[in-house]
Amino acid sequence: ARRLGGLSAWETIELVTCRAAEAIGLALEVGSLEPGRWGDLAIFSIAPQLDERLLPETLTACGPADLRCTVLAGREVWLAPSADRPPGAHSIHAVP
């Protein structure tokens, strides 16, 4: 969608967050991190000293190997394996 629509990295992030929430009629419940909202998010591994201005480009370049944690409704539902937590030992919690 980014290439086809000629979107910037920031526009792409908006498209898959707040604009997606608007499209399905849930803009008051999901789409951004604010008090009272569901708190769904994905945590990616990026360079620790990354310049903030490069964040949108960096996030849109992330792939599955960069994903570290998925949180739904404020609860961790997937955690990437690591040296101290081998594959198969990642946590998965039921979300009501």
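Quick caveat: nothing in here was measured; it's all calculated off a predicted structure.

Colleague: Describe the overall build of the protein, with residues and values.
Modeller: In terms of regular secondary structure, the protein is built from four helices and three strands. Reading the protein from its N terminus to its C terminus gives the helix and strand order α-α-α-β-α-β-β. In the protein, 31% of the contacts between residues at least 6 apart in sequence involve partners at least 24 apart. Within the structure as shown, the protein displays about 7000 Å² of accessible surface, and the carbon and sulfur contribution to it stands at 61%.

Colleague: Can you explain the side chain of T12? Please cite residues and give values.
Modeller: Assignment of secondary structure puts T12 in helix α2 (residues 9-16). T12 has contacts with R2, L7 and T60, leaving out every residue within four places of it along the chain.

Colleague: Which residues make up the sheet that holds strand β1 (residues 41-44), and what are the values?
Modeller: Pairing is antiparallel in the open sheet, where three strands are placed in the order β1-β2-β3. In this open sheet, the two strands that pair with only one neighbour each are β1 and β3 (75-79). Each neighbouring strand pair of the sheet contributes to a mean axis angle of 25 degrees, computed without reference to strand direction. Across four bridges, the pairing between strand β2 (residues 67-72) and β3 is antiparallel.

Colleague: Can you lay out α2 for me, pointing to particular residues and giving the numbers?
Modeller: Taken as a whole, α2 has its buried residues at A9, T12 and I13. Down the axis of α2, the smallest arc covering the buried residues is 100 degrees, so these residues share one side. Check the buried side of α2 and you find it contacts α1 (2-5) and α4 (55-61).

Colleague: For unusual backbone geometry, give the residues involved together with the corresponding values.
Modeller: The residue A73 is not glycine, and still its phi comes out positive at about 55 degrees. Mapped onto the fold, A73 is located in the loop between β2 and β3. Relative accessible area serves as the criterion here: at 26%, A73 is assigned to the partly exposed category.

Colleague: An account of the pattern of salt bridges is requested, with residue identities and associated values reported.
Modeller: Counting across every chain of the model gives four salt bridges. One salt bridge connects R2 with E57, and the closest N-O pair in it is separated by 2.7 Å. On the criterion of sequence distance, the pair formed by R2 in helix α1 and E57 in helix α4 is long-range, its members being 55 residues apart. Linking R37 and E34 is a salt bridge whose minimum nitrogen-to-oxygen distance equals 3.8 Å. Here R37 falls in the partly exposed class, since its relative accessible area comes to 22%.

Colleague: Tell me about the pairing of β2, and name the residues and values.
Modeller: By the bridge criterion, four bridges tie β1 to β2 in an arrangement that is antiparallel. Along β2, the bridge assignment pairs L41 with V71. Between β2 and β3, which follow one another and run antiparallel, lie two residues, and A73 among them has a positive phi close to 55 degrees.

Cut-offs applied
Residues numbered from 1 in each chain as written. Predicted model: local features only at pLDDT ≥ 70, side-chain atom pairs only at ≥ 80, totals over all residues. Heavy atoms only, no water. Helix = DSSP H or I, 4+ residues; strand = E, 2+ residues; numbered from the N terminus. Contact = heavy atoms within 4.5 Å. Areas by Shrake-Rupley, 256 points an atom, 1.4 Å probe, with all protein chains shown as cover. Pairing = 2+ DSSP bridges. Axes fitted to C-alpha atoms, helices over the stretch in contact; angles between N-to-C directions. Buried < 20%, exposed > 50% of the residue type's maximum accessible area, 1.4 Å probe, protein only. Arc of directions from axis to C-beta. Salt bridge = Lys/Arg side-chain N within 4 Å of Asp/Glu carboxyl O.

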